[in-house]
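The residues making up each chain are set out below.
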Amino acid sequence: MTVSVVVPVKDEAENVAALAREIAAALKAEPAHEILFVDDGSSDGTAERLAALKNEIPHFRPLRHDRNLGQSRGIRTGVRAARGQIIVTLDGDGQNDPADIPALLKILRADPELGLVSGVRVKRKDTASRRLASRLGNRFRDLLLKDGAADTGCGLKAFYRDAFLDLPYFDHIHRYLIALVLREGWKVAYVPVNHRPRLAGRSKYTNLGRMLVSVTDLLGVRWLQRRHGGRTKIEEL
């Protein structure tokens, strides 16, 4: 297994089938791949929709939390269960375009020093208030963490499974993957990606909710940055 696509979802019954089919189409050129959807304790029939796709989509593996644990835990569950060396993540609302996956994989494979390739959403299809909150949050985060990331909220990323599992885990880690991968001594690359409007369901986040948790998280990540010496090469003597 080479590539594992991990998609955390919560109450996305109307979106998962179409998204899973799009991902499968985008991976046609990848002979050894799998698609993992992690249902984070949905109550709207998402789990049943995912189970029904097992017989339709090759290499499709639905997983489920028995209760809601959050997006980062869903990603972690999928990465730990994945068999691929490379992980690709997407949001479960259908706003990330699976057609962008091959471009991320090509860039990641071209440079052995890269640990992560992150999408940067072009012409975002979110509300004006969400775009403004995102810009302000990214500026404040970059001021503190100095990771150079312009769009940490983009769920479309490609990275090495081992690189992710080396990171110190905490809830909401998915918003700080760039800073933490850089902390480990890897390089990070960015690629413009498509962004689509949400066609069904509702967002699980609010601007206020994100702001309240971000302050503690930012201080914690800054502390982690200061307590690490970077990657080292190990030689057997």
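This text goes with the structure placed above it.
Notes on the structure follow. In this text, all values refer to a predicted model and were calculated from it rather than measured experimentally.

### Looking at the side chain of Asp93
Link 1 in the chain: Positionally, Asp93 belongs in the loop between strand 4 (86-89) and helix 4 (101-110).
Link 2 in the chain: Under the relative-accessibility criterion, Asp93 is labelled buried at 12%.
Link 3 in the chain: Side-chain polar atoms of Asp93 contact the backbone nitrogen of Gln95, separated by 3.0 Å.
Link 4 in the chain: Setting aside chain neighbours within four positions, we find Asp93 in contact with Glu12, Asn15 and Arg198.

### Describing the sheet that holds strand 7 (residues 187-193)
The strands making up a sheet associate through hydrogen bonds between their backbones, and the pairing can be parallel or antiparallel.
Link 1 in the chain: Spatially, the 7 strands line up as an open sheet ordered 3-2-1-4-6-5-7, and their pairing is mixed. Single-partner strands in this sheet number two, and they are strand 3 (60-65) and strand 7. Across the sheet, the mean angle from the axis of one strand to that of its neighbour is 20°, orientation sign disregarded.
Link 2 in the chain: Along the sheet, helix 1 (residues 16-26) makes contact with strand 1 (3-9), strand 2 (33-40) and strand 3, crossing strand 2 at roughly 160°.

### Structural notes on helix 3 (residues 71-81)
Three- or four-residue spacings in an α-helix give side chains the same orientation, since the helix completes a turn every 3.6 residues.
Link 1 in the chain: Along helix 3, the positions that sit buried rather than exposed are Ser72, Gly74, Ile75, Gly78 and Val79. Along the axis of helix 3, the buried positions cluster into a sector of 160°, meaning they face one direction only.
Link 2 in the chain: On its buried face, helix 3 sits against strand 1, strand 2, strand 3, strand 4, strand 6 (157-160) and helix 6 (161-165).

### With respect to the environment of Gly41
Link 1 in the chain: Mapped onto the secondary structure, Gly41 falls in the loop between strand 2 and helix 2 (46-53).
Link 2 in the chain: A relative accessible area of 16% means that Gly41 is categorised as buried.
Link 3 in the chain: With residues near it in sequence (within four places) discarded, Gly41 still touches Lys10, Arg64, His65, Arg67 and Asn68.

### Brief notes about unusual backbone geometry
Link 1 in the chain: With a phi close to 55°, Asp11 is a non-glycine residue in the positive phi region.
Link 2 in the chain: Tracing the sequence through the fold places Asp11 in the loop between strand 1 and helix 1.
Link 3 in the chain: Within the chain, Lys146 stands out as a residue other than glycine whose phi angle is a positive 55°.
Link 4 in the chain: With respect to the secondary-structure elements, Lys146 resides in the loop between helix 5 (128-145) and strand 6.

### A closer look at the pattern of salt bridges
Link 1 in the chain: For the coordinates displayed, the defined rule picks out 14 salt bridges.
Link 2 in the chain: Ionic pairing is found between Arg21 and Glu56, a salt bridge with its closest N-O pair at 2.6 Å. Linking Arg21 in helix 1 with Glu56 in the loop between helix 2 and strand 3, this pair joins segments that are 35 residues apart in sequence.
Link 3 in the chain: For Glu56, a relative accessible area of 42% puts it in the partly exposed group.
Link 4 in the chain: It is possible to trace a salt-bridge network through shared partners that takes in Glu12, Asp93 and Arg198.

### Re the nonpolar core
Link 1 in the chain: With 30 residues, the main nonpolar core has Val5, Ile23, Phe37, Val88 and Ile101 as its most contacted residues.
Link 2 in the chain: Listing elements by their share of this core, those giving two or more residues are strand 1, helix 1, strand 2, helix 2, strand 4, helix 4, strand 5 (114-121) and strand 7.
Link 3 in the chain: Those residues in contact with Phe37, other than ones at most four positions away along the chain, are Val7, Val9, Val16, Leu19, Ala20, Ile23, Leu50, Phe60, Arg61, Pro62 and Leu63.
Link 4 in the chain: If you look at the next biggest cluster of nonpolar residues, it comprises 26 residues, including Leu36, Phe164, Leu167 and Leu180.

### Comments concerning the side chain of Asp151
Link 1 in the chain: Along the chain, the position of Asp151 falls in the loop between helix 5 and strand 6.
Link 2 in the chain: Asp151 has contacts with Ser118, Gly119, Val120, Arg121, Arg124 and Asn138, leaving out every residue within four places of it along the chain.

Rules used in this analysis
Residues numbered from 1 in each chain as written. Predicted model: local features only at pLDDT ≥ 70, side-chain atom pairs only at ≥ 80, totals over all residues. Heavy atoms only, no water. Helix = DSSP H or I, 4+ residues; strand = E, 2+ residues; numbered from the N terminus. Buried < 20%, exposed > 50% of the residue type's maximum accessible area, 1.4 Å probe, protein only. Polar contact = N/O pair within 3.5 Å; in protein donor to acceptor, adjacent residues only side chain to side chain. Contact = heavy atoms within 4.5 Å. Pairing = 2+ DSSP bridges. Axes fitted to C-alpha atoms, helices over the stretch in contact; angles between N-to-C directions. Arc of directions from axis to C-beta. Salt bridge = Lys/Arg side-chain N within 4 Å of Asp/Glu carboxyl O. Core = buried A, V, L, I, M, F, W, Y, C linked by side-chain atoms within 4.5 Å.

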